[in-house]
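Okay, here's what each chain looks like letter by letter:
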Amino acid sequence: MSRLAVTEKIITAKVLKGLSWAHVAEQVGLSKEWTTAACLGQMTLNAAQADVVGELFDLSADDRKWLQVVPYKGSLPTPVPTDPLIYRWYELVSVYGTTIKELIHEEFGDGIMSAIDFKMDIQREGNPAGDRVNVVLSGKFLPYKTY
């Protein structure tokens, strides 16, 4: 057994049971974005969260232990993603990455936006010309220190 095998069990059960990530998140008591990342093997659940997820997806006690192991982060199988939706994020960073970096540095100074002290919100935004995807990323600014 491995964390990847547990992720595959979760995805299979989600499809077969017709569950939504929003429903899973509601049961866990956290955002749909973080909960989805955890179920897909990118975050660590505590014992109580692992039990909720385990009940929803019919996971064994051993599976639930895997949910509590700190994962190897990074879920993309190739350096340049081939999935069209993920590739567009890669394209977005390729085109706008230097702009984002420049504007963050101009506003905050030399540092980074944390992906650890971080939150994300994804919502559908109605639009007569076609619905839009609204993504808000919010990460703590961490300045580089001198020593």
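Some remarks on the packing of aromatic side chains
Summed over all chains, the structure comprises 3 aromatic pairs. With centroids separated by 6.4 Å and ring planes inclined at 55 degrees, the aromatic side chains of Trp-21 and Phe-57 adopt a geometry described as tilted. You can see Trp-21 sitting in helix H2 (residues 21-28) and its partner Phe-57 sitting in helix H4 (residues 47-57), a full 36 residues away along the chain. Relative to Tyr-90, the ring of Tyr-87 lies with its centre 5.6 Å away and its plane at 40 degrees, an arrangement referred to as tilted. Pair noted here: Tyr-87 and Tyr-90 are both in helix H6 (residues 84-108), with a separation of 3 residues, about one helical turn.

Considering the layout of surface pockets
The calculated volume of the largest pocket comes to roughly 1,800 Å³. Every residue lining the largest pocket is counted, 37 residues in all, and those nearest its centre are Ala-37, Ser-75, Trp-89, Met-120 and Ile-122. At 8 residues, the largest contribution of residues to the lining of the largest pocket is made by H6.

Considering H6
A maximum bend of about 60 degrees is found in H6 at Tyr-96. The distance from a side-chain oxygen at the start of H6 to the backbone nitrogen of Leu-85 is 3.0 Å, and the residue carrying that oxygen is Asp-83. At the C-terminal side of H6, Gly-109 shows a positive phi close to 105 degrees.

What counts and how
Residues numbered from 1 in each chain as written. Predicted model: local features only at pLDDT ≥ 70, side-chain atom pairs only at ≥ 80, totals over all residues. Heavy atoms only, no water. Phe/Tyr/Trp six-rings, centres within 6.5 Å; stacked < 30°, edge-to-face > 60°. Helix = DSSP H or I, 4+ residues; strand = E, 2+ residues; numbered from the N terminus. 1 Å grid on protein atoms, 1.4 Å probe; cavity = no way out; pocket = protein on both sides within 12 Å on 5 of 7 lines; lining within 4 Å. Points joined across faces, edges and corners; volume = space filled by probe spheres on them. Bend = angle between axes of the 7 residues up to and from the residue. Polar contact = N/O pair within 3.5 Å; in protein donor to acceptor, adjacent residues only side chain to side chain.

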